[in-house]
Amino acid sequence: MVKTIELVDGVVRMLDQTRLPREVIYVDCTDYHMVAKGIKDLWIRGAPAIGIAASMGIAIGAQEIKASAFDEFMAGLEPVFQTLLATRPTAVNIQWAVERTKKLLAGKKDEPVDSLKSFLIEEANNVLAQDIEINKTIGKWGAQFIKDGDIVITHCNAGSLATGGYGTATGPIRAAVEQGKKIQVIADETRPVLQGCRLTAWELMQDNIPVTLITDNTAGALLRKGEINLAIVGTDRTVANGDVANKIGTYSLAVLCKENSVPFYVAAPLSSIDFSIPSGDFIPIEERGPEEVTHVFGCHIAPEGVKVRNIAFDVTPAKYVTGIITEKGVFRPKDLHKLNERGTDLDSIMMKAE
Ligand code: MRU
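Within each chain, residue numbers correspond to sequence positions counted from 1 in written order. Only residues with pLDDT of at least 70 are given local features in this predicted model, and only at 80 or more are side-chain atom pairs given and counted; all residues enter the totals for whole chains, interfaces and linings. Only hydrogens and water are set aside when side-chain values are computed; all heavy atoms of the structure are taken into account.

Some remarks on the overall build of the protein
The secondary structure content of the protein amounts to eleven helices and 16 strands. The atom set for the radius of gyration is the C-alpha atoms, and the globule formula is 2.2 Å times the number of residues raised to the power 0.38. In summary, the protein has a C-alpha radius of gyration of 20 Å against a globular reference of 20 Å for 354 residues, a match within 12%. Overall, the C-alpha framework of the protein stretches about 65 × 60 × 40 Å when taken along its three principal axes. When accessible area is computed with a 1.4 Å probe and restricted to protein chains, residues below 20% of their type maximum are described as buried, those above 50% as exposed, and intermediate ones as partly exposed. Across the 354 residues of the protein, 55% fall into the buried class. The contact definition used throughout considers only heavy atoms, calling two residues in contact when any of these lie within 4.5 Å. The contacts in the protein between residues at least 6 apart in sequence include a share of 74% that link residues at least 24 apart. Computed by Shrake-Rupley with a 1.4 Å probe, the accessible areas treat only the displayed protein chains as cover when residues are assessed. Of the accessible surface of the protein, which amounts to about 15300 Å², a share of 52% is contributed by carbon and sulfur atoms. Charged residues are defined here as Lys and Arg on the positive side and Asp and Glu on the negative side; His and the ends of the chain fall outside this count. All charge positions are set by atom: Lys at NZ, Arg at CZ, Asp at CG, Glu at CD. If you average the places of the 38 positive and of the 45 negative side-chain charges in the protein, the two averages end up 3 Å apart. Numbering goes from the N terminus for both helices and strands, where a helix is a DSSP run of H or I of at least four residues and a strand is a run of E of at least two.

Structure follows, in structure tokens:
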């Protein structure tokens, strides 16, 4: 399985995903500004992966702070937090990384600054290791909904490359394959940045998982013909009522699945669930520059000067979502908020395959 990101000797090494699949090149980010650039320019992308990158960016940013007391150290971290938070707004995972760091450090007010610095390095490595474990657990819970012989459609890339490894949406796919089920994956190419084509198809082929690439507008035809058994996608931010923000085109796929009675699952680690937001209407949605639409690999394909809208994510209302696959189990969107309530008996609300 391909390595997305690691922290080596104070340097954040990330696979430059903008060059895949033509070149496999790792970039060494030597300071937090470079990590932020890597996130903004999509060298690394995918909600969990940018959460990990943010944790690592915080860790290497912390090493540069000249402070002798806790409060001074926290003040020095603030520009690091703000720079990382300003990169990409939709995925909640950068915010998650910042809040997690603040919470952990709050319990260490009496420790010397040097030990806080080493703690943040250790913590960033933990975030990476835990992410892989979480994805394997998501895989285990989700695989029960994939039957031998099934054809699974996915959108964008919620695979190893979008995470520390194993992937969220690809978690159940990989687990089903490990269980010996003979399945096939349909990868939407995912215009305009082509994550499905360049990344999902590539990483599944690396691991010998059968994959067929389609243009985004082919999904409806295949669903109507009955050639797809289920959909599994990732999420950048799923909120309390079960609405799901994910790569643009996810909503269309979900509506097409509902129309054709095909189950639509969302793989969502708890780090991508934002219980503080009541509905998808309040999720900040990133809009990116026009060149991603007007150009393909540097070649201008649109009329010069044409007006463009490049909305990077959409919101799929909970009513289109069959189940949300988390590391705690699989839940109906209407029950999701209960995961954040004390004393919930998870077993009583968990979805199980028939
Ligand atoms: O713009 P991207 O490539 O960062 O968008 C990624 C997605 O939409 C993924 O589906 C999502 O982050 C989930 S990744 C496990």
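Observations regarding the packing of aromatic side chains
Planes of paired rings set the category: under 30 degrees apart is stacked, over 60 is edge-to-face and the rest tilted, where pairs are Phe, Tyr or Trp rings (Trp by its six-membered ring) whose centres lie within 6.5 Å. Under the criterion given, the structure shown has two aromatic pairs. A ring pair is formed by Phe 145 and Tyr 265, whose centres lie 4.9 Å apart and whose planes are at 35°; its orientation type is tilted. With Phe 145 in the loop between α5 (113–143) and β4 (151–154) and Tyr 265 in strand β10 (residues 264–267), this residue pair connects regions lying 120 residues apart in the sequence. The pair formed by Phe 145 and Tyr 265 is uniform in burial state, with each residue classed as buried. Judged by centre distance (6.1 Å) and plane angle (70°), the rings of Tyr 251 and Tyr 320 are edge-to-face. Note that Tyr 251 is positioned in helix α9 (residues 250–259) and Tyr 320 in the loop between β14 (313–316) and β15 (323–326), a separation of 69 residues in sequence.

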